[in-house]
Amino acid sequence: MSTSFVLNGKPTTLDADPNMPLLWALREVAGLTGTKFGCGMALCGACTVHLDGQPIRSCVMPLSAVAGKQVTTIEGLQSKPARAVQAAWIGLQVPQCGYCQSGQIMSATALLEKNTAPTDADIDGAMSGNICRCSTYTRIRAAIHAAARSLGATA
Amino acid sequence: MSIDTLILQQPTRRDFLKGAGSATAMALTVGFEWAGPTRRAAAMAAASAGAPFAPNAFLRISADNSVTVIAKHLEMGQGAYTGIATIVAEELDADWAQVRVESAPADAKRYANLVFGTLQGTGGSSAMANSWMQLREAGGKARMMLLTAAANQWHVPVAELSVEKSVVHHAGSQRQAPFGALVRMAAALPVPDKVTLKDPKDFKLIGLQAPRVDVPAKVNGSAQFTLDFVLPGMLVALLKRPPLFGATVKSFDAAGAGAVPGVVKVVQVPRGVAVVANSFWAAKQGRDALKVEWDDTHAEKRSSAALMEEYRQLADQPAVSARKEGDAAAAIRNAAHTVSASYEFPYLAHAPMEPLDAVVKLTASSCEIWAGDQFQTVDQGNAAKAAGLDAQQVSIHTLYAGGSFGRRANLGSDYIVEAVSIAKACGADGTPIKLQWTREDDLHGGLYRPMYFHKLEAGLDANGKLTGWRHVIVGQSIMADTIFAAMIKDGIDSTSVEGAATIAYDIPNISVDLSTTKTGVPVLWWRVVGSSHTSFAVEAFIDELAHAAGEDGFSFRRKLLDKHPRMKAVLELAAEKSGWGSPLPKGKGRGIAVAEAFKTYVAQVAEVSVDDSGHVSIDRVVCAVDCGTPINPDVIAANMEGGIGFGLGAVLYGAITLKDGRVEQDNFNSYRVLRMNEMPKVEVHIVPSNEAPTGVGEPGVAPVGPAVANAIFAATGKRIHVLPFPKAVLELAGRTSA
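What counts and how
- Residues numbered from 1 in each chain as written.
- Chains lettered and ligands numbered in written order.
- Predicted model: local features only at pLDDT ≥ 70, side-chain atom pairs only at ≥ 80, totals over all residues.
- Heavy atoms only, no water.
- Pairing = 2+ DSSP bridges.
- Helix = DSSP H or I, 4+ residues; strand = E, 2+ residues; numbered from the N terminus.
- Axes fitted to C-alpha atoms, helices over the stretch in contact; angles between N-to-C directions.
- Buried < 20%, exposed > 50% of the residue type's maximum accessible area, 1.4 Å probe, protein only.
- Contact = heavy atoms within 4.5 Å.
- Buried area = accessible area lost by both parts, 1.4 Å probe.
- Salt bridge = Lys/Arg side-chain N within 4 Å of Asp/Glu carboxyl O.
- Polar contact = N/O pair within 3.5 Å; in protein donor to acceptor, adjacent residues only side chain to side chain.
- Nonpolar A, V, L, I, M, F, W, Y, C, P; charged D, E, K, R; others polar.
- Phe/Tyr/Trp six-rings, centres within 6.5 Å; stacked < 30°, edge-to-face > 60°.
- Core = buried A, V, L, I, M, F, W, Y, C linked by side-chain atoms within 4.5 Å.

Examining the sheet that holds strand 22 (residues 588–597) of chain B
In sheet architecture, strand pairing relies on hydrogen bonds along the backbone and comes in two forms, parallel and antiparallel.
Residue and element names in this part refer to chain B.
Here is step 1 of the chain: Ordered in space as 22-23-24-27, the four strands form an open sheet in which the pairing is mixed. The open sheet is flanked by strand 22 and strand 27 (681–686), the only strands paired with a single partner. Put simply, the sheet's adjacent strands are angled 15° from each other on average, direction ignored.
Here is step 2 of the chain: Inspection of the sheet shows strand 22 paired to strand 23 (residues 600–610) by 10 bridges, in the antiparallel sense. Among the inter-strand pairings, Val594 is bridged to a residue of strand 23, identified as Ala603.

Considerations on the pairing of strand 20 (residues 466–476) of chain B
Residue and element names in this part refer to chain B.
Here is step 1 of the chain: Within strand 20, 10 of the 11 residues are buried, leaving the element largely enclosed by the surrounding structure.
Here is step 2 of the chain: Here strand 19 (residues 452–460) runs beside strand 20; their pairing, made up of nine bridges, is antiparallel. By the bridge assignment, Tyr452 is partnered in strand 20 with Gly475.
Here is step 3 of the chain: Between strand 19 and strand 20, which pair antiparallel in sequence order, lie five residues; one of them, Gly464, sits at a positive phi of approximately 85°.
Here is step 4 of the chain: As paired strands, strand 20 and strand 21 (residues 509–517) are joined by nine bridges and run parallel to one another. Considered in strand 21, the bridge of Ile473 is made with Leu514.

A look at the interface of chain A and chain B
Here is step 1 of the chain: Each partner contributes residues to the interface: chain A has 46 residues there, and chain B has 56 residues.
Here is step 2 of the chain: Of the roughly 4,200 Å² buried between chain A and chain B on both sides combined, carbon and sulfur atoms contribute 61%.
Here is step 3 of the chain: If you sort the residues of chain A by the area they bury against chain B, Gln96, Tyr99 and Arg133 of chain A come out on top, with a joint share of 19%.
Here is step 4 of the chain: Joining chain A to chain B, the criterion identifies four salt bridges.
Here is step 5 of the chain: Our count for the contact surface shared by chain A and chain B stands at 24 residue pairs in polar contact (both at pLDDT 80 or more).
Here is step 6 of the chain: Those elements giving two or more residues to the side of chain A that touches chain B turn out to be helix 1 (22–29), helix 2 (80–91), helix 3 (101–114), helix 4 (120–127) and helix 5 (137–154) of chain A.
Here is step 7 of the chain: No other element matches helix 5 of chain A, which puts five residues into the side of chain A that touches chain B.
Here is step 8 of the chain: When grouped by side-chain class, the residues that make up the side of chain A that touches chain B number 23 nonpolar, 15 polar and eight charged.

Structural notes on the packing of aromatic side chains
Here is step 1 of the chain: Under the criterion given, the structure shown has 20 aromatic pairs over all chains.
Here is step 2 of the chain: When the ring of Phe37 of chain A is compared with that of Phe280 of chain B, the centres are 5.2 Å apart and the planes differ by 55°; the resulting orientation is tilted. In this pair, Phe37 of chain A sits in the loop between helix 1 and strand 3 (48–51) while Phe280 of chain B sits in helix 10 (residues 280–289), so the two residues belong to two different chains.
Here is step 3 of the chain: Judged by relative accessible area, which is 4%, Phe37 of chain A ranks as buried.

Considerations on the pattern of salt bridges
Residue and element names in this part refer to chain B.
Here is step 1 of the chain: Tallying each qualifying case throughout the model produces 49 salt bridges over all chains.
Here is step 2 of the chain: The shortest N-O distance in the salt bridge between Arg719 and Asp543 comes to 3.1 Å. Placement of the pair is Arg719 in the loop between helix 21 (704–716) and helix 22 (727–732) and Asp543 in helix 17 (residues 531–548), with a sequence separation of 176 residues.
Here is step 3 of the chain: Judged by its relative accessible area of 11%, Asp543 is buried.

So, the nonpolar core
Here is step 1 of the chain: In terms of nonpolar packing, the biggest core is built from 256 residues, with Trp89 of chain A together with Tyr347, Leu466, Trp469, Trp525, Phe536 and Phe725 of chain B touching the most fellow members.
Here is step 2 of the chain: Ranked by the residues each element gives to this core, the list is headed by helix 6 (residues 127–154) of chain B, at 13 residues.
Here is step 3 of the chain: Leaving out residues up to four positions away in the same chain, Trp525 of chain B has contacts with His350, Phe375, Phe405, Gly406, Ala409, Leu411, Ile478, Met479 and Phe484 of chain B.
Here is step 4 of the chain: Judged by nonpolar contacts, the second largest core, of 33 residues, contains Leu356, Ala358, Ala423 and Ala428 of chain B.

Details of the sheet that holds strand 2 (residues 59–61) of chain B
All names here are of chain B.
Here is step 1 of the chain: Pairing within the open sheet is mixed, and its four strands lie in the order 1-2-3-4. The outermost strands of the open sheet, each flanked by one partner alone, are strand 1 (53–56) and strand 4 (99–103). Averaged over neighbouring strand pairs, the angle between their axes works out to 25° when direction is ignored.
Here is step 2 of the chain: In this sheet, strand 2 lies alongside strand 1 in antiparallel orientation, the contact comprising two bridges. Bridging from a neighbouring strand, Phe53 pairs with Ile61 of strand 2.
Here is step 3 of the chain: Here helix 6 sits on the sheet and contacts strand 1 and strand 2; the angle it forms with strand 1, its principal contact strand, is near 130°.

This is the structure we're talking about:
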């Protein structure tokens, strides 16, 4: 069976079990491996992608549920907030092992796309679903603030 | 692997160079290994300047000026690649922007961890410590050869040359040449036996903030972990393991699994029954449908609560002495005040973000492995045994690891051996197979930080001076029944007592005893190893003693550290930077702790607050660290921040518990770890030093638990004796615990 949707801006049809979680369809069928597997139960956020602009956990989202929708992965990030986030991640040297960082960046980007000046509480709310076992949390927080500042400066 | 790396392994070049450079005392494999004709022709055509210059096993310079550093250590997050490259680039005076890192093949002859002796592997926070002189010499010798090449070409003395960012300069004649233009001539020169290394005051990269080499790829999703590694025709395997440690397969029914579309094979292996499929999803569904009957005759069926009760009893039985000076029992008997306490520590899972995984391509005569491999030599041996091959027939490609915290360095190579045994059961026909663990597999999979019980007793004289200290530790040995068992000396596994038997405080009468237990639960080192529990027991107990002596926790510790100036200095630095002693508003508390681990000294001051509704939050941790020469201060700070978060998650929530032998935690909902909203502010202060560098991956974990526990005492008057922090204590303070 095939499912059609827009993947990183391109109309895409994936031929796979419609019950297959989007995570594995992206990774093993579409060949986009930036989105990671961490828990399989929407508990860690490593698999976060954007569905019609909203951050979702792709490990529990059946492929069939994205039919006709827009899916953005780390490989397809292009928005201004996304670039600001990635630049801040490099500027503040956020990643350690790096495995969770695609998910962190997807969550942070979704936050900044809605809220250009997030408070610490906003960051807690948006980011507490993303686990980082290396505990890069202090730098993630600082990088989100830095990205918000850079977006403000260029707005 | 690039062509150039393959060339490094060609013996013919080494024969040619036999006379050129003998192995140094640091076991540096020095020798010229030219690029092969194809690469050379391509390079010469491209740059008209010659072939890559690979003067030793650790670096290669190409005609395009790129400097490739060969990392013998795994990059699992702690910045090993960046540190390794920094050391080489420093002595080479390379342009950081042109430095690349690639992982070394498994080859203990060239790439042994000098702290481990003859084994290649990463752990014990040793990557910088053991690489320091080896890589400085590697870089320095290569630099000298490039200088000699330039001097010969320009007919000037070497002493008149300088190097700046990969360019050799001769001031007198105003000539200059980039490294790339010199590689051909340099490669024809003998490797110098000795080289003068830089004076630390001349360091240009070491001590500065060289950006991490792995960050760009980890920000755009392109960094390749084992999870991401794909070979043509590769199959994915999930393994169904027994629900109890020590159980084995009695029988299985593969009908349900075999009916799942995409499932290719169902095979029995020593560790369970594997479902091999053309996708993860098919393998997962197949495994869910697989029926296995287990034989649990020899399985561990006890509960962790029952084990802890046994440990409590054992603490009063005779044990093996790990340290004894003076007469602790008499000193305590004669003391004006005595204090006693016990501390209980649970099993802990490492839970790295990337569940364990490995790709294996097995044939009748070769075994090729791709993994975030932390223990190449051990894994090579174990894989060979599982495959029925010689170790030399096993090659390992080390990829980025999505965390490890010790989990991937295990003496039985569990995940590697599973992958090999599945490939073997599938016919060893060269079909690549990726073994993928799930999070549930990870938390159920054993090799935990052991459970421990600590009992402490101490005496103070009438002036509050510490006169006697008795410490009994009860728990499993990490090294017993493994290939490292020979390292257990006189009944003492040092990993059970480090941080306790090596306590730095000046105590005239001291005894530290160990009672080693046996259970069916497999155990392993977990980030900061022994100090993950000993540091808590020692630093929480010393705080109880300070309180009993009517003294401040900082000054009580400080007086006992005259013989350990570096430890004392970090304690003082953390106290100073945290504003120790300054008044805090009501409901706030400060706690201090200090530890030495892997020859790195760390002190931390934690600040907690209890709000009107009684909710405790950890607001701030001030950390002082002395790790010798700070190779990369930003990476050091990142490791302290990360270690603090990792340690905090464990003391607040971490526990693997067993009920009738069955692990009760399945995923991150029942095995809680620290999240963003719980992370305190962290300040890191690094002691300037010219001492040899020591590790930073683990030591930051050691003091955070006791510092926070001591701060909670300061704020609430409650001591914590059971880890993770008992719900009762948190609830007494009003915290709603989940």
